[in-house]
Amino acid sequence: MLVAEERYSWYQVPADVKNLLKLAADNWDNTAIAEKYINEALAKSPENIDVLVTAYRFFFYKNKFPQALEAAKKVIDIVKETEKLPDDWQELKPILMNRQNEQLIRLYLSAYAGYGFILARLGQLEPAKEIAARVKEIDVKKEFGASVVFDILTRPPEDEDED
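How each quantity is defined
Residues numbered from 1 in each chain as written. Predicted model: local features only at pLDDT ≥ 70, side-chain atom pairs only at ≥ 80, totals over all residues. Heavy atoms only, no water. 1 Å grid on protein atoms, 1.4 Å probe; cavity = no way out; pocket = protein on both sides within 12 Å on 5 of 7 lines; lining within 4 Å. Points joined across faces, edges and corners; volume = space filled by probe spheres on them. Helix = DSSP H or I, 4+ residues; strand = E, 2+ residues; numbered from the N terminus. Nonpolar A, V, L, I, M, F, W, Y, C, P; charged D, E, K, R; others polar. Buried < 20%, exposed > 50% of the residue type's maximum accessible area, 1.4 Å probe, protein only. Arc of directions from axis to C-beta. Contact = heavy atoms within 4.5 Å. Salt bridge = Lys/Arg side-chain N within 4 Å of Asp/Glu carboxyl O.

## A look at the layout of surface pockets
No. 1: In this structure, the largest pocket occupies an estimated 780 Å³ of space.
No. 2: Listing elements by their share of the lining of the largest pocket, those giving two or more residues are α4 (49–61), α5 (65–82), α7 (103–121) and α9 (146–154).
No. 3: No other element matches the nine residues that α7 contributes to the lining of the largest pocket.
No. 4: Of the residues that constitute the lining of the largest pocket, the class distribution is 18 nonpolar, five polar and four charged.

Given below as structure tokens:
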């Protein structure tokens with residue numbers, strides 16, 4: 001059996017935070033306890049990308065969309081600051097297109113697409129469509145799921161009177 005240090009070796013976090021994430025995973029079926037550990041990990045490493053991505057996934061799969069949205073936004077903001085990305089979409093788009101194979105840019109696109117998906121789940125359809133359309137323009141390989149989300153959000157309503 002692998003100890004937590006070996007099982008989660010890719011996490012670049014202190015051992016105590018790694019242990020909290022392991023405890024959250026071990027208690028997946030008890031959402032309240034698992035969430036307590038996730039929140040403790042976030043409190044100890046609020047700017048750590050690995051912790052934020054783990055928190056995003058946890059909250060997303062537990063249908064806690066406001067918390068998942070917050071984690072995705074933090075990832076977006078951290079990558080934007082680290083990579084000195086512009087706020088304006090017209091300036092940002094070519095950078096993302098040219099650098100989309102870089103790890104942090106891929107993380108940015110993934111978090112941004114996820115952010116849009118969560119907005120859709122929360123009923124905020126217009127901003128969700130805008131984000132999905134943006135990511136779809138860049139994502140020619142359809143790796144980030146934005147095309148599917150965009151197609152669902154822009155599909156014309158089916159005529160319910162048809163038999």
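## Side note on empty space enclosed by the protein
No. 1: In this structure the tally under the stated criterion is one cavity of 30 Å³ or more.
No. 2: Computed from the structure, the largest cavity encloses a volume of approximately 30 Å³.
No. 3: In terms of lining, the largest cavity is formed by A113, G116, F117, A128, I131, A132, A146 and V149.
No. 4: Contributions of two or more residues to the lining of the largest cavity are made by α7, α8 (125–138) and α9.
No. 5: Class assignment of the residues belonging to the lining of the largest cavity gives a composition of seven nonpolar, one polar and no charged.

## Things to note about α9
No. 1: Within α9, the full set of buried residues consists of A146, S147, V149 and L153. Down the axis of α9, the buried side of the element spans an arc of 165°, and every buried residue falls inside it.
No. 2: Those residues of α9 hidden inside the fold are in contact with α7 and α8.

## A word on the pattern of salt bridges
No. 1: Applying the stated criterion across every chain yields a total of 13 salt bridges.
No. 2: D77 is the salt-bridge partner of K73, the closest N and O atoms lying 2.8 Å from each other. Within this pair, K73 and its partner D77 are both found in helix α5, separated by four residues, close to a single helical turn.
No. 3: For K73, a relative accessible area of 35% puts it in the partly exposed group.
No. 4: A relative accessible area of 32% places D77 in the partly exposed class.
No. 5: The shortest N-O distance in the salt bridge between E130 and R134 comes to 2.7 Å. Remark: R134 and E130 occur in helix α8; sequence separation between them is four residues, near one turn of the helix.

## Some details on unusual backbone geometry
No. 1: Positive phi, normally seen in glycine, also occurs at N63, with a value near 60°.
No. 2: Mapping N63 onto the fold places it in the loop between α4 and α5.
No. 3: Of the residues examined, N63 reaches a relative accessible area of 51% and is grouped as exposed.
No. 4: Even without being glycine, K84 reaches a positive phi, approximately 55°.

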